[in-house]
Amino acid sequence: MSKLLANWGYFGYQKSEIRTALGVFGALSGGEVIIVLENDEVLAFGGNHKGCLGVGNEREVKALKRIESLCGQEIQGFECSVYTGNEGDEICLFAISGSGSVFSWGHNEDGQLGLGTTIYTKVPTKISSSLEQKRVVQVACSGDHTLALTSEGEVYAFGVNGLGQLGLGSTVHHFLLPQRVGGLLDGKIVTSVACQNIASFALLQSGEMKFSNY
C-alpha cells in the first residue's frame with residue numbers, strides 16, 4: 001500500500017490516516033486507486049476504466065471523490081479480479097465491511113457479483129440473500145465465479161458453474177445468488193479460499209486442501 005500511495009504523495013494525507021488502499025486494477029487501466037481513511041471515508045481517484053471506481057459513472061476522476069455507499073461502513077479490505085475479455089479488461093470488485101457485509105460492483109455477466117442479476121454495476125451494492133446474517137471474512141474471485149468465506153468457516157459460492165467449479169454438485173450454468181457449499185465441506189471448518197479460472201480451492205482448519213474443478 002505504501003509504495004502505491006507514495007506515487008501520488010498519499011494525496012496529502014498522513015500515512016497514519018489511511019487504513020487500506022486498492023489500486024492498479026488492470027493492464028489497460030493501471031491508473032486507479034481507492035483509499036479508506038481511518039475516519040471511514042472511502043475515496044476514489046483515477047481513470048475509472050468501465051466505472052471500476054464505483055462512483056456511478058465512467059468519467060475520469062481527477063480529484064479524490066467519495067464512494068458514497070462505502071463511506072461509514074468501516075471497510076477493512078478489498079478483492080479485485082481482472083481478466084481480459086473480448087472488450088478489454090473486465091473488472092470485478094468487492095469490499096468487506098467491519099460488520100462482515102460484502103459490497104460488490106463491476107463486471108457481472110455470469111452473476112459473479114452475487115446480486116441476483118447479470119447487470120453490470122457501477123455502484124458498490126450490498127450482497128444480501130443468504131449472506132445477510134453472515135459475517136464474511138474473505139472473498140475470492142476468478143473473474144467469473146466467486147467464493148465468500150464466513151467467520152463460521154462456511155463457504156458460499158456464486159457465478160458461472162458450467163463445469164461444476166462452484167462445488168455445488170451440479171453443472172447448472174450459473175448461480176446469481178450466494179449458495180452454501182456442502183458436500184466435501186460439510187462439517188468442516190474452512191480457513192481460506194481461492195479461485196482460479198475453472199477451479200475453486202478451500203483450505204481446512206485441519207490443514208487439508210479441498211478443491212472442485214473440471
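Our structure is the block above this text.
These remarks concern the structure in this document. (Residues numbered from 1 in each chain as written. Predicted model: local features only at pLDDT ≥ 70, side-chain atom pairs only at ≥ 80, totals over all residues. Heavy atoms only, no water.)

Looking at the packing of aromatic side chains
In step 1: Tallied over the entire structure, the rule returns one aromatic pair.
In step 2: Centroid distance phenylalanine 201 to phenylalanine 211: 6.2 Å. Interplanar angle 35 degrees. Geometry classified as tilted. With phenylalanine 201 in strand β14 (residues 199–204) and phenylalanine 211 in strand β15 (residues 209–213), this pair connects stretches of sequence that are 10 residues apart.
In step 3: Exposure remark for phenylalanine 201: the relative accessible area of 26% places this residue in the partly exposed category. (Phe/Tyr/Trp six-rings, centres within 6.5 Å; stacked < 30°, edge-to-face > 60°. Helix = DSSP H or I, 4+ residues; strand = E, 2+ residues; numbered from the N terminus. Buried < 20%, exposed > 50% of the residue type's maximum accessible area, 1.4 Å probe, protein only.)

Some thoughts on the sheet that holds strand β2 (residues 32–37)
In step 1: A sheet is described by the order of its strands in space; here four strands give the open sequence β1-β2-β3-β4, paired in antiparallel fashion. What marks the edges here is a single partner per strand, and that holds for β1 (18–23) and β4 (61–66). Taken over all neighbouring pairs, the strand axes of this sheet differ in orientation by 15 degrees on average, direction set aside.
In step 2: As paired strands, β2 and strand β3 (residues 42–46) are joined by five bridges and run antiparallel to one another. Residue pairing across strands places isoleucine 34 opposite alanine 44, the latter belonging to β3. (Pairing = 2+ DSSP bridges. Axes fitted to C-alpha atoms, helices over the stretch in contact; angles between N-to-C directions.)

Some points on the nonpolar core
In step 1: Ranked by internal contacts, the top residues of the largest apolar core, which has 19 residues, are Ile34, Val42, Ile67, Leu70, Ile75, Phe78 and Trp105.
In step 2: Elements with a minimum of two residues in this core: β2, β3, β6 (88–96) and β7 (102–106).
In step 3: A per-element tally of this core places β6 first, with three residues.
In step 4: Of all hydrophobic cores here, the second largest spans 14 residues; its members include Ala140, Leu185, Val190 and Val193. (Core = buried A, V, L, I, M, F, W, Y, C linked by side-chain atoms within 4.5 Å.)

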